[in-house]
Structures are given as structure tokens and as C-alpha cells.
Amino acid sequence: MKKWFFISLTLLLMSTSLSAQFNENPILNKQNEDKKFLNWGYFLGFNQYDFKFEYKENAPDILVSKSFGFNVGLIGELRINEFLDLRFEPGLYYGSRVLGFQGFDEERDAIREVKSTYINFPILLKASAKRFGNWKPFVIGGGSRSLNLGSNEVSPDDNSSGTFRMKKWVYNYELGFGIDFYLEYFKFTPSIRGVFAITDELVPDQDPNSPWTGNIESMKTRGLFINFTFE
């Protein structure tokens, strides 16, 4: 609830400034901003991670409880032409998921909290429309490689000892959209993006018939990023 309040308050405070950018004949801000060959900035935001499971046999699904985490990172942008930019956005993404395994009587066996701290290295292609006054919509997509600092991949313990293990490195593709707003002193960009893992992240338990991982064919992260960029 507090996180939703903070998001709403942030958007409310920005709305007055941003609404002026949609006037029919605004004063043009930062007219040379997109003519630079290299551009730099940073972003702050929120994320919500989920898992997509594929199973070997029909069985009760693993339940996933999601929560909001936070993002922070840097931006490096290389201008290709008026409408295309190549972007590198290394960032730190912290999130948490709670897994519920059905068929257990005790909570300590049924519940696994998965805390993940990803260092994400995406290379993205940004395709923008023509600038309209002080705003410009765009779509963005590309690939990324993420390092999970909380993976427990090399831990000798597994779920039988209460430790859920994941692979340290994961490959993803990312797709999203947003709007560049040209304010008086900087460019502000709210955007939303989906991230989809293309590699299996699960490290199975040592017991091939484990009640936690024995029926999992693959486990892949899905996530939603809401970022606010300042350039």
C-alpha cells in the first residue's frame, strides 16, 4: 500500500509540469537534445517479478506471490539517426517472490521466499516517432544478460534444508514503450517494459524426485519494469 501511495504521489507531482507539454503551441525546450551523438542519464523505478513454470507431469501449480521492488541504473545512448538510438542501461534490480508448494502440511516446507538482486546488462534499440512539441513517444526492445547476486547456485544446501537455488546468469529479451518529455532543464521519460527470460533459471535439488523441484521442467523469470529516466 505504501509503495502504491508513493507511486501515485510521484505521478501527481509531475502531472502539472507534464500537462504543459501537450499544449498546442508550447515553447520548445531542449531543442538540440536529440542531436548529440552520445547522451547520458540515469533512471529510478519499480519492478514486479514473476515466474513462468513448465511441468513434466500434470500436478498442482506452484503459487507465486509477487511484490514490488526497486530499480536504479545508468544510461548510455548512441544516436544512429533521427528515429533510432542504441542504448546501454546497466542497472540494479531488487525484487522478491514467495513460492507456495502444495501438498505440504507445514509452512516451513510449503513456503520459499526468493529474494533476487539482479545486475542487468541490456542492449536496447529505441525507435522514436517524430517529436511533437515537447514530447515524443517511442518503443524499445532488445536483449539482456542478468547476474543474480542472490541465486544460491553454488550452495551445497537445497530445498530439503530450506534453500531454493537458481542459476547465477540468465538471458532475457525486453520490450516496452514510453514518452520523452522535454522539460526546461532536462528530458524526463516515464516508460514501462516487460522482461522475459529465455533460459531456465532453476537449479534442481539433489534428489531427482524432490517434492519441490522434481516435477519442474523449466522455470523462467517474467518481470515488469516501470522506470523514470532523467537525461
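Scroll up to find the structure this text is about.
Notes on the structure follow. Within every chain, residues take consecutive numbers counted from 1 along the sequence as written. The model is predicted, so local features are restricted to residues of pLDDT at least 70 and side-chain atom pairs to those at 80 or more, both for listing and for counting; the totals for chains, interfaces and linings are taken over all residues. For side-chain calculations, the full set of non-hydrogen atoms in the structure is used, while hydrogens and water are omitted.

Let's talk about the pattern of salt bridges
Argument step 1. One speaks of a salt bridge when a side-chain nitrogen belonging to Lys or Arg is within 4 Å of a carboxyl oxygen belonging to Asp or Glu. Summed over all chains, the structure comprises twelve salt bridges.
Argument step 2. In this structure, Asp34 engages Lys187 in a salt bridge whose closest nitrogen and oxygen atoms are separated by 3.2 Å. In this pair, Asp34 is assigned in the loop between α1 (2-19) and β1 (38-55) and Lys187 in strand β9 (residues 187-197), connecting sequence segments 153 residues apart.
Argument step 3. On the accessibility criterion, Asp34 (23% relative accessible area) is partly exposed.
Argument step 4. We classify Lys187 as buried; its relative accessible area is 1%.
Argument step 5. The shortest N-O distance in the salt bridge between Arg193 and Glu89 comes to 2.9 Å. Here the residue Arg193 occupies a position in strand β9, and Glu89 occupies one in the loop between β4 (84-88) and β5 (91-100), the gap between them amounting to 104 residues. Here Arg193 matches Glu89 in class, with each residue buried.
Argument step 6. A cluster of three or more residues bridged by salt bridges with shared partners is formed by Asp34, Glu77, Arg87, Glu89, Lys136, Glu174, Lys187, Arg193 and Glu231. The secondary structure listing takes helices from DSSP runs of H or I that are at least 4 residues long and strands from runs of E that are at least 2 residues long, numbered from the N terminus. Under the scheme applied here, a residue whose accessible area is under 20% of the maximum for its type counts as buried, over 50% as exposed, and between as partly exposed, the area being computed with a 1.4 Å probe on protein chains only.

Remarks on the environment of Ser151
Argument step 1. Following the sequence through the fold, Ser151 ends up in the loop between β7 (135-148) and β8 (169-182).
Argument step 2. If we ignore the near neighbours within four places in the chain, the residues touching Ser151 are Phe164, Arg165, Met166, Lys167 and Lys168. Note on contacts: a residue pair is in contact if any heavy atoms of the two residues lie within 4.5 Å.

Quick notes on the nonpolar core
Argument step 1. Nine residue types can take part in a nonpolar core, namely buried Ala, Val, Leu, Ile, Met, Phe, Trp, Tyr and Cys, and a core is a set of them joined through side-chain atoms within 4.5 Å. In terms of nonpolar packing, the biggest core is built from 21 residues, with Phe51, Phe53, Leu99, Phe164, Met166 and Met219 touching the most fellow members.
Argument step 2. Take this core: its biggest share by element is four residues, from β1.
Argument step 3. Apart from residues lying up to four places away in sequence, Phe51 is in contact with Val64, Arg97, Leu99, Val114, Met166, Glu201, Met219, Lys220, Thr221 and Arg222.
Argument step 4. Counting seven residues, the second-largest nonpolar core is a separate cluster that includes Phe68, Leu183, Phe228 and Phe230.

Observations concerning the packing of aromatic side chains
Argument step 1. Classification of ring pairs uses Phe, Tyr and Trp, with its six-membered ring standing for Trp, and accepts pairs whose centres are within 6.5 Å; under 30 degrees between planes counts as stacked, over 60 as edge-to-face, and the remaining range as tilted. With the rule as written, the count across this model stands at 15 aromatic pairs.
Argument step 2. Aromatic side chains Phe53 and Tyr55 sit 6.1 Å apart centroid to centroid with 20 degrees between the ring planes, which places their arrangement in the stacked category.
Argument step 3. Residue classification places Phe53 among the buried positions, given a relative accessible area of 13%.
Argument step 4. Residue classification places Tyr55 among the partly exposed positions, given a relative accessible area of 25%.
Argument step 5. With centroids separated by 5.9 Å and ring planes inclined at 50 degrees, the aromatic side chains of Phe186 and Phe230 adopt a geometry described as tilted. One end of the pair, Phe186, is in the loop between β8 and β9; the other, Phe230, is in strand β10 (residues 216-230), with 44 residues separating them in the sequence.
Argument step 6. By way of ring pairs, the aromatic residues Tyr42, Phe186, Phe188, Phe228 and Phe230 are connected into one cluster.
Argument step 7. Each ring is checked for a lysine NZ or an arginine CZ that lies within 6 Å of its centre and within 35 degrees of its normal; such an atom marks a charge sitting over the ring. When the ring centre of Phe138 is taken as reference, the NZ or CZ atom of Lys126 above it lies at 4.4 Å.
Argument step 8. Stacked on the ring of Tyr182, the Lys or Arg Arg131 has its end atom at 3.7 Å from the ring centre.

Quick look at a nonpolar patch on the surface
Argument step 1. Any residue with relative accessible area above 30% and no salt bridge may belong to a patch, with like charges joined within 9 Å and the nonpolar Val, Leu, Ile, Met, Phe, Trp and Tyr side chains within 5 Å. Method for areas: the Shrake-Rupley scheme with a 1.4 Å probe, in which residue coverage is limited to the protein chains shown. Together, Phe37, Leu38, Trp40, Leu78, Ile80, Leu86, Phe88, Phe121, Ile123, Leu125 and Trp169 make up an exposed nonpolar region whose accessible area comes to about 1,100 Å².
Argument step 2. Looking at the nonpolar patch, the elements with two or more residues in it are β1, β4 and β6 (111-128).
Argument step 3. With three residues, the top contributor of residues to the nonpolar patch is β6.
Argument step 4. As for its placement among the helices and strands, Ile123 is situated in strand β6.
Argument step 5. Residue classification places Ile123 among the exposed positions, given a relative accessible area of 52%.

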